[in-house]
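Summary of structural features
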Amino acid sequence: MKVPRLELYAGRALLLALMAFTIMPFISIFLTALAPANPLPTGLEWPTNPQWGNFVEAFQQAQMPALLASSLFLVVAVVPISLLISTMAGFAIGLLRIRGANVLLFLFVFGLTLPFPGIIIPIYILERAIHLYNTRFAIVLPLIALYMPFAIFWMRAHFVNMPPEISDAARVDGATTWDLFWQIHVPLARAPIASLGILMSIWTWNQFLLALVLVEDPTQRTMAGALGAFQGHYANNVPLICAGTILILLPTIILFIAFQRQIIMALIQGAVKG
C-alpha cells in the first residue's frame, strides 16, 4: 500500500521536530560547558573563547576515575545477578507454567506500579538497621530487587512464546529441566537476555536517587549520583557543572549508539510479544 506523499512528508517533519526537541538541550549544555564562568551564554551561540579546559577541570574535581570504578563495580555486581534470577524466574513462569504462575506474574506486575520515591524511605530505614548504609551494597541489593518486576516480565514474554515442541523433543531425548534451561532455552534467549542486560546496565549507570540517598561518600556512588554532590560544591560555576554533566552522560551515549540496533529490536520484540 502506497503512503500518500503528504502523509509521508508530515511524518518526516514530525520526526525532525521531535529529534530537534530532543537534541537541543544537549547542544545547549555542551555550548554552556565551553563558556567562561562569567558571563554566561544567553542562548545557543558558540563562545568566542571556548574553554575546553572546563572538561579537564570537571574530570579532576569530580574525581571521575573513582566514579568510573564505582559505576563499573555496581554494573558488574547488579546486572549478572539480575539477569540470572529474572531468566530463571521467567523460564519457570512462562514455559514450565509452575503452580501459582499467574499469581506470581500478578505480583511482579503489581511491583511495576509501585512508585519508586515512595519506597526509598523504607529502604533507607532498613539499611540503617542492618548496617548497609553508606556502602556500595546499599545500592546493589535494592537495585536487584527493583529490577525484578520488569526483568521477569520481560523474560517471561520471551519464554511464553517459545514453541512447546522444542521442550517436548528435548524431554524425549532425556533432558532434565536443568538441561532444558541451560542447554536449550538460554542459548535461544540470548537476544532478549543481551538486550535486557544493556538496558539494566544503562539504568544502573544512571541511577541517581538511590545513590544520593543511601551513600554519603561521593566516590562510592554512580557517576549520575555524584552529580548532586558536584552541583552542591560548584553551584555558582554553571559551565563546570555542564562539563561534568557531559562527561557523566558520555559513556551512556556511547553504549546506546554502539548497541542501538539491539535495543530497538528488543523493545519492538517485547512490545509485540507482550
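Residues numbered from 1 in each chain as written. Predicted model: local features only at pLDDT ≥ 70, side-chain atom pairs only at ≥ 80, totals over all residues. Heavy atoms only, no water.

Structural notes on the overall build of the protein chain
Rules: Strands are runs of DSSP state E lasting at least two residues, helices are runs of H or I lasting at least four, and both sets are numbered from the N terminus onward. Exposed residues in this analysis have more than 50% of their type's maximum accessible area, buried residues have under 20%, and partly exposed residues fall in between, with area computed by a 1.4 Å probe over protein chains only. Whether two residues are in contact is decided by their heavy atoms: any pair within 4.5 Å suffices. The method behind every accessible area is Shrake-Rupley, applied with a 1.4 Å probe, and residues are considered shielded solely by the protein chains displayed.
A count of helical and extended segments in the protein chain gives 13 helices and 0 strands. Listed by position from the N terminus, the elements making up the protein chain come as α-α-α-α-α-α-α-α-α-α-α-α-α. By the burial criterion, 37% of the 274 residues in the protein chain qualify as buried. For the protein chain, the proportion of contacts with a sequence separation of at least 24, taken over those separated by at least 6, is 71%. Element-wise, carbon and sulfur atoms account for 70% of the exposed surface of the protein chain, whose accessible area totals about 15900 Å².

A word on unusual backbone geometry
Excluding glycine, residues mostly carry a negative phi; peptide bonds, for their part, are mostly trans. The residue His131 is not glycine, and still its phi comes out positive at about 60°. Relative to the helices and strands, His131 is located in the loop between helix H5 (116–129) and helix H6 (137–159). For His131, a relative accessible area of 69% translates into the label exposed. Look at Asn134: it is not a glycine, yet its phi comes out positive at around 70°. Locating Asn134 in the fold gives a position in the loop between H5 and H6. Residue Asn134 is classed as partly exposed on the basis of its relative accessible area, which comes to 27%.

Overview of the environment of Phe26
For Phe26, the position within the fold is in helix H1 (residues 5–33). Considered as a pair, Phe26 and Leu249 are 223 residues apart in the sequence and their alpha carbons are 9.9 Å apart.

Focus: the nonpolar core
As a reminder, the rule being used: What we call a nonpolar core is a set of buried Ala, Val, Leu, Ile, Met, Phe, Trp, Tyr and Cys residues that are connected through their side-chain atoms within 4.5 Å.
In terms of nonpolar packing, the biggest core is built from 58 residues, with Phe55, Met64, Met155, Leu196 and Met200 touching the most fellow members. With near-sequence residues (within four places) excluded, Met155 lies in contact with Ser86, Thr87, Gly90, Ala189, Pro192, Ile193 and Leu196.

Let's talk about the packing of aromatic side chains
Formally: Classification of ring pairs rests on two measures: the distance between centres of Phe, Tyr or Trp rings, Trp counted by its six-membered ring, which must be within 6.5 Å, and the angle between planes, read as stacked under 30 degrees, edge-to-face over 60 and tilted in between. Distance and angle both matter: a charge sits over a ring if NZ of Lys or CZ of Arg is within 6 Å of the ring centre and within 35 degrees of the ring normal.
Within this structure, the stated rule accounts for 14 aromatic pairs. Among the aromatic side chains, those forming a connected cluster through ring pairs are Phe91, Phe159, Trp178, Phe181 and Trp182. Its end group placed over the ring of Tyr133, Arg128 keeps NZ or CZ at 4.0 Å from the ring centre. One cation-aromatic arrangement involves Arg136 over Phe73; the distance from NZ or CZ to the ring centre is 5.5 Å.

Overview of the side chain of His185
Looking at the element boundaries, His185 is found in helix H8 (residues 177–188). For His185, the residues in contact, after removing those within four places along its chain, are Phe91, Leu95, Phe159, Met162, Ile166, Ser167 and Leu180.

A short note on the packing of H6 against helix H9 (residues 190–205)
So the rule is basically this: Working convention: axes come from line fits to C-alpha atoms, limited for helices to the stretch in contact. Angles between N-to-C directions cover 0 to 180 degrees. When describing relative orientation, an angle under 35 degrees is termed roughly parallel and one over 145 degrees roughly antiparallel, while 65 to 115 degrees is termed roughly perpendicular and anything else oblique. In this scheme the handedness of a crossing depends on how the near helix is turned from the far one: anticlockwise by less than a right angle means left-handed, clockwise means right-handed. Under this grouping Gly is polar, as are all residues other than the nonpolar Ala, Val, Leu, Ile, Met, Phe, Trp, Tyr, Cys and Pro and the charged Asp, Glu, Lys and Arg.
Running from amino to carboxyl end, H6 crosses H9 at an angle of 155°, the nearest separation of the two axes being 11 Å. Considered as vectors, H6 and H9 are oriented roughly antiparallel to each other. Handedness of the crossing formed by H6 with H9: right-handed. Residue-level contacts link Leu143, Tyr147, Phe150, Ala151, Trp154, Met155 and His158 of H6 to Pro192, Ile193, Ser195, Leu196, Leu199, Met200, Trp203 and Thr204 of H9. For the contact of H6 with H9, the class distribution of residues is 12 nonpolar, 3 polar and no charged.

Digging into the confidence of the model for the protein chain
What counts here: pLDDT expresses how confident the predictor is about each individual residue, on a scale running from 0 to 100.
Scored by pLDDT, the protein chain comes out at a mean of 83, with 90% of its residues at no less than 70. The secondary-structure element of the protein chain with the lowest mean pLDDT is helix H13 (residues 260–273), recorded at 62, while H6 shows the highest, at 91.

Here's the deal with the layout of surface pockets
The cut-off we apply is this: Cavity and pocket criteria rest on a 1 Å grid covering protein atoms alone: a 1.4 Å probe that fits but cannot get out defines a cavity, protein on both sides within 12 Å along at least 5 of 7 lines defines an open pocket, and an atom within 4 Å of a point defines a lining residue. Grid points are joined across faces, edges and corners, and a volume is the space filled by probe spheres set on the points.
In this structure, the largest pocket encloses a volume near 370 Å³. The wall of the largest pocket is formed by 16 residues, among which Gly111, Phe116, Leu146, Tyr147 and Pro149 lie closest to the centre. Taken together, the elements giving at least two residues each to the lining of the largest pocket come down to helix H4 (101–112), H5 and H6. In terms of residues, the lining of the largest pocket owes the most to one element, H6, which gives 7 residues. By volume, the second largest pocket is sized at about 220 Å³. As for the second largest pocket, its lining consists of Phe26, Ile202, Asn206, Leu249, Thr252, Ile253, Phe256, Ile257 and Gln260. No other element matches the 5 residues that helix H12 (residues 238–258) contributes to the lining of the second largest pocket. A class-by-class count of the residues in the lining of the second largest pocket yields 6 nonpolar, 3 polar and no charged.

Side note on H6
To keep it simple, the criterion reads: Working rule for helices: expected span equals 1.5 Å times residues minus one. In this analysis the local bend is the angle between axes fitted, respectively, to the seven residues ending at and the seven residues starting at the residue.
The terminal C-alpha atoms of H6 lie 31 Å apart, and with 23 residues this matches the ideal 33 Å at 1.5 Å per residue to within 8%. In H6, a bend of some 45° at Met148 exceeds every other bend along the element, and Pro149, a proline, comes one to four places later.

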